[in-house]
Amino acid sequence: MLEIEVEMMKASELKQILAEKFFVAELADINGRNRKGRDHELYLKIASESIPGICAYLNKELGYPLILMFANDEQIQNSCFGVYYVFADRQEALLVVMKTSVSPDKMEMPSVSNIIQAAAAYEREIKDLFGIIPVNHPDAKRLVFHSNWPNGVYPLHKAFPAGYRPQRAAEEINFCKVEGEGVYEIPVGPVHAGIIEPGHFRFSVAGEPIINLEAQLYFVHKGIEKLAEQQSIEKCLYISERISGDETFANSLAYCQAIEKIAGIEAPVRAAYIRVIFAELERLTSHLGDLGGVCLDAAYGFATFQFRMIRGWAYALADELCGMRFLRSVNKPGGVRKDFVAGKETSLIVQLDKIRRELEDTVEIIKANSLFIDRIENTGILDQKIAADLNAVGPGGRASGLRYDVRKSFPYAAYSQLKFNIPEHYNGDINCRLNTKIEECFESINLMVQAINQMPSGNVLEPVKSVEPYRFAFGLTEAPRGENIHWLMTGENNTVYRYKIRTPSFCNWPALCHAVKGNIVPDFPLINKSFNLSYAGNDL
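Described in the following lines is the structure provided in the data block. (Residues numbered from 1 in each chain as written. Predicted model: local features only at pLDDT ≥ 70, side-chain atom pairs only at ≥ 80, totals over all residues. Heavy atoms only, no water.)

### Considering the environment of Ala303
In this fold, Ala303 is placed in helix α9 (residues 301-322). Ala303 sits 42 residues away from Lys261 along the chain, and the two C-alpha atoms are 44 Å apart. Contact partners of Ala303, with chain neighbours within four places excluded, come to Cys295 and Ile366. (Helix = DSSP H or I, 4+ residues; strand = E, 2+ residues; numbered from the N terminus. Contact = heavy atoms within 4.5 Å.)

Okay, structure coming up:
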């Protein structure tokens, strides 16, 4: 076996090793341009039979997590489908993107779910949307589709018209059965009390302790990836902003990054700092809502309304900046739509200082409440190995010892020019997730103040006038819930050919199902709230 220091591996070295071990070749753009000049992205072409071996090598030997897997209908260009596997070297800021071709005559790919647990959901998604069968998958039942969707109808084939409504079917969805004396099932949802979105949870319990939890989602599936096809790059920006309401800015920023890479432009420096301010404001409002939600489910009324009050102050900041608490119509490919910060610097810093002081006082009070701490400590533990196997991201992963943050590993906007810390926690319980978000609130405030103070003058937009067809690129952001990945391929006449979105909730829903095991049923609302995953962000 070839010996190499993993931490010091460069793209060229890795490419040479993979070429010698697995006979891979560098992948060209569909229109013939190779990816050699693309920073942080190494594209390789692999044969189907090499998939299990190369995935095992990257994941098990080199320790690269599988962060994304998706398919693309490329029959127009090369008469086949493409399946892409994306691994991340988070030390060297490198994405290793492998593509294998699937013939329309044999819609199969070898499953790697027995090697990499994180692949299981991706393979089921590809099977549902494209009809490519993951051979030897341990449980390739439906993921996206429910019992009313007919077999043999695949909406992400280019031949499938966006407005077509297939006939309703009556397929059976099987849940995992846990059998034994005293074991019974508790079905919860999909309709819940309150205004939360729908999701079905099937608990297997013995008394009160939870033995297994299986979640069925996609009740609010919107067909966003299909809606994006053939849309102009400007209209698709509006689609990206509507993936998930409380991650509007993170999603639109990832989309803009991909477009800017394809167009070969960089946003102006001032725009990069403005993007940091909005991204951190979105993180602050999201985390404050999560903190209040955990306190509410623990019947801690005082803390609940403290966090809600502070969140209201943060929303007032958003209103002052752009008049929109969801932060829509701020980003634009090439920068931001206008200079939202000019003339407001002093007011922003005063309000951020007010938020910091009130948050410090509130945190001091709740940490002194032993009854509250006892309720959340050692509850809902997500083991570090399970978190790593499933690629748990964001506060959910960091609370279990995975100190990964896109802003550090793949810096974007102006983050490389700013100082901030990544929280360090290892117990993986509700308390650690709570503390992770508390610390990130303070870091967000500090980042916004730094960005305001260091922001240079200048333009805020470098317009993107056109993009070449069949070019592709990634946009990565650290959304409030974690690593957020958007892959974009352009089409003819400044349109979108394929828009693949993987929000952090897709990775963290399976992690939540593991975190509840061994806890009692009344703990589930608290554990669920401590992750606060997005239904809309998952049910694309």
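### What to know about the pairing of strand β15 (residues 496-502)
Every regular strand shows the same layout, with side chains that alternate between the two sheet faces. Buried residues dominate β15, accounting for seven of its seven residues. Where strand β14 (residues 482-490) and β15 come together, six bridges link them in antiparallel fashion. For Met489, the partnering residue across the bridge sits in β15 and is Arg498. Taken together, β14 and the strand that follows it, β15, pair antiparallel across an intervening segment of five residues, in which Asn493 is found at a positive phi of about 55°. (Buried < 20%, exposed > 50% of the residue type's maximum accessible area, 1.4 Å probe, protein only. Pairing = 2+ DSSP bridges.)

### Describing the packing of α9 against helix α10 (residues 345-367)
Two elements in contact, α9 and α10, have axes separated by 10 Å at closest approach and are oriented at 170°. The angle between α9 and α10 falls in the class roughly antiparallel. Relative to α10, the crossing made by α9 is left-handed. Contact residues: Phe302, Ala303, Gln306, Phe307, Met309, Ile310, Trp313, Ala314, Leu317, Glu320 and Leu321 in α9; Ser347, Leu348, Gln351, Leu352, Lys354, Ile355, Glu358, Leu359, Thr362, Ile365 and Ile366 in α10. Classifying every residue of the contact of α9 with α10 gives 15 nonpolar, four polar and three charged. (Axes fitted to C-alpha atoms, helices over the stretch in contact; angles between N-to-C directions. Parallel < 35°, antiparallel > 145°, perpendicular 65-115°, else oblique. Left-handed = near helix turned anticlockwise from the far one by under 90°. Nonpolar A, V, L, I, M, F, W, Y, C, P; charged D, E, K, R; others polar.)

### Thoughts on the packing of aromatic side chains
Taken as a whole and assessed by the stated rule, the structure comprises 20 aromatic pairs. Here Tyr412 and Tyr415 contribute two aromatic rings whose centre-to-centre distance is 5.0 Å and whose plane-to-plane angle is 70°, an arrangement assigned as edge-to-face. Under the relative-accessibility criterion, Tyr415 is labelled buried at 1%. The ring centre of Phe175 lies 4.1 Å from the NZ or CZ of Arg202, which sits over that ring. The lysine or arginine in question, Lys408, covers the ring of Phe420, its NZ or CZ lying 4.4 Å from the ring centre. (Phe/Tyr/Trp six-rings, centres within 6.5 Å; stacked < 30°, edge-to-face > 60°. Lys NZ or Arg CZ within 6 Å of the ring centre and 35° of its normal.)

### A few points about the sheet that holds β15
Hydrogen bonds along the backbone pair up the strands of a sheet, which may run parallel or antiparallel. Ordered by their spatial adjacency, three strands build an open sheet running β13-β14-β15, and the pairing between neighbours is antiparallel. Because the sheet does not close on itself, it has two edges, and the strands there are β13 (472-479) and β15. The average undirected angle you get between the axes of adjacent strands in this sheet is 15°. Where β13 meets β14, eight bridges bridge the pair, whose relative direction is antiparallel. Each bridged residue has a counterpart across the sheet, and for Ala473 the counterpart in β14 is Leu488.

### Some points on the sheet that holds strand β8 (residues 183-188)
Here we have three strands laid out as an open sheet, ordered β8-β9-β10, and antiparallel in their pairing. The open sheet has two edge strands, β8 and β10 (210-216), and neither has a second partner. On average, adjacent strands in this sheet sit at an angle of 15° to one another, irrespective of strand direction. The pairing of strand β9 (residues 200-206) with β10 spans six bridges and is classified as antiparallel. What sits directly across from Val205, in β10, is Ile210.

### Concerning helix α17 (residues 524-531)
For α17, the tally of buried residues reaches six of eight residues, placing the bulk of the element in the interior. Within α17 the residues assigned to the buried category are Phe524, Leu526, Ile527, Asn528, Ser530 and Phe531. Once α17 ends, the next one or two residues include Asn532, with phi positive near 45°.

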